[in-house]
Amino acid sequence: MNDDNARRAARLLHHRKAGLAPGDPVAPPITPATTFHLPANGTGAYGYARAGNPGWSELEAQLSLLEEAETVAFPSGMAAISAALFACLKAGDRVILPADGYYVTRVLATDFLRGLGVAADFLPTTGYDTADFTGAALVYMETPSNPGLEVCDIGAVAARARAAGARVVVDNTTMTPFLQRPLDLGADLVVAADTKAPGGHSDLLAGHVAGRDPVLMARVGDWRRLSGAVLGPFEAWLLHRGLETLELRLERMCASAGTIAERLAAHPAVRGLRYPGLPGDVSHRLVGSQMANGGFLIGFTLADAGVAERFLSACPYLAQSTSFGATHSSAERRARWGDAVPEGFIRLSAGIEPVEELWRGIRGALAG
Ligand SMILES: *Cc1c(COP(=O)(O)O)cnc(C)c1O
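Read on for an overview of the structure. (Residues numbered from 1 in each chain as written. Predicted model: local features only at pLDDT ≥ 70, side-chain atom pairs only at ≥ 80, totals over all residues. Heavy atoms only, no water.)

Mapped onto the fold, Val215 is located in helix H6 (residues 214-227). Spatially, the C-alpha atom of Val215 lies 29 Å from that of Ala197, the residues being 18 residues apart in sequence. (Helix = DSSP H or I, 4+ residues; strand = E, 2+ residues; numbered from the N terminus.)

Inspection of the secondary structure puts Ser145 in the loop between strand S4 (138-142) and helix H5 (154-163). Aside from chain neighbours lying at most four places away, what touches Ser145 is Asp100, Thr125 and Glu150. (Contact = heavy atoms within 4.5 Å.)

Take the site of the ligand next. Near the ligand lie 15 residues; those nearest to it are Gly77, Met78, Asp171, Thr195 and Lys196. One nitrogen or oxygen atom from the side chain of Thr195 is found 2.6 Å from an oxygen atom belonging to the ligand. When isolated, the ligand has an accessible area of 390 Å², and the protein chains bury 93% of it. At three residues, the largest contribution of residues to the shell around the ligand is made by helix H3 (residues 77-88). (Near = heavy atom within 4 Å. Polar contact = N/O pair within 3.5 Å; in protein donor to acceptor, adjacent residues only side chain to side chain. Areas by Shrake-Rupley, 256 points an atom, 1.4 Å probe, with all protein chains shown as cover.)

Attention now goes to the state of the cysteines. Overall, the coordinates contain zero disulfides when judged by the stated rule. Left without a disulfide partner, Cys88 is nearest to the cysteine sulfur of Cys152, which lies 17 Å away. By relative accessible area, which is 13% here, Cys88 ends up buried. Of the cysteine sulfurs around Cys315, a residue in no disulfide, the closest is that of Cys254, at 19 Å. (Disulfide = S-S within 2.5 Å. Buried < 20%, exposed > 50% of the residue type's maximum accessible area, 1.4 Å probe, protein only.)

Looking down a regular strand, the side chains alternate between one sheet face and the other. Within strand S7 (residues 207-211), five of the five residues are buried, which leaves it mostly tucked inside the rest of the structure. Judged by which residues are buried, S7 turns out to be covered on both faces: Gly207, Val209 and Gly211 on one side and His208 and Ala210 on the other are all buried. Pairing between strand S6 (residues 189-193) and S7: five bridges, direction antiparallel. By the bridge assignment, Ala192 is partnered in S7 with His208. (Pairing = 2+ DSSP bridges.)

We now examine the sheet that holds S6. Strand order in the open sheet formed by seven strands is S1-S7-S6-S5-S4-S2-S3, and the pairing between neighbours is mixed. The open sheet has two edge strands with one neighbour each: strand S1 (70-74) and strand S3 (119-123). Direction aside, the axes of adjacent strands within the sheet are offset by 20° on average. As defined by bridge partners, strand S5 (residues 167-171) adjoins S6 across three bridges and the pair is classed as parallel. From the neighbouring strand, Val169 faces S6, where its bridge partner is Leu189. Against the sheet, H5 contacts S4 and S5, and its axis sits at roughly 170° relative to S4. Its contacts with the sheet put H6 on S1, S5, S6 and S7, and the angle it makes with S1 is roughly 15°. (Axes fitted to C-alpha atoms, helices over the stretch in contact; angles between N-to-C directions.)

In structure tokens, the structure reads:
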């Protein structure tokens, strides 16, 4: 882990200290109140919970330490993505989105943005590095993409997008702020599904938007208050708790993913292994620079849908579920959602199981 991550991880764990008075709880309380004492001349920190509440403040203090930017918490990754898109776009604008990224973002663009007069164009993630962004109001990236794990160069794309007069938004869900820093590379906004690794226990939907332009971030905050896309106090507390172990969990998850990917790549039943951390992978070119490491997601293909489904049910250590980034390893066949991948393609998310035992389970299930 580099010094910068070490400093952010340690500061995150102690972010409440400076504000504590004797007798205050060390862990933040859950505050379900919707209304706060507001006398005629009241100037308290909170008035009505849709506009702000103590749970968001605690959580956003952590998120802002991680992103080194202003942050706004949302009740899901899609709520955060919607906020970023609606804060940046208006009728007549053109937005460039990844053709191979998170599919719900694409459906949001085609089913809602187009109807409001926004032109939504799709590009493969690997095409961003050479695309012409003339006429675009917004360039939206997802790197590594979910589920294909393709990458593009955030710094280079952001520079060309800005030269063309476009704003830049990056979905950083597959990396988290510990592994990739889009704002440092020129993005205007970062969006993320904290439902994944930051929450980390498959028991919470959440998301956030981060940015360093106060005017744009005020608009993102206005979107939350006006649309009512608000995170509940219990979920804010759960995410606050999850973030305390994010760095620790990521260390195990990414190291295990590297080990498992290497062994899967050498297995005769496995084809098309994708893991950006492997030197032979086409996405490896940005590992060590843009990306701290190869992450915790692996893609690979088994013979067909039947073989893949049998593998998934035979492995005792793979939760058969969608989503990723949890303590438990999980995997699924992505073609069941209509992703443009082979029928036998599996996305595997490495969890925190001891890696040799995890591999024993995977190897046994591959043997059939
Ligand atoms: C899961 C995911 C989302 C959406 O997050 P939700 O919390 O399910 O709304 C957005 N982007 C990516 C890359 C994701 O993996």
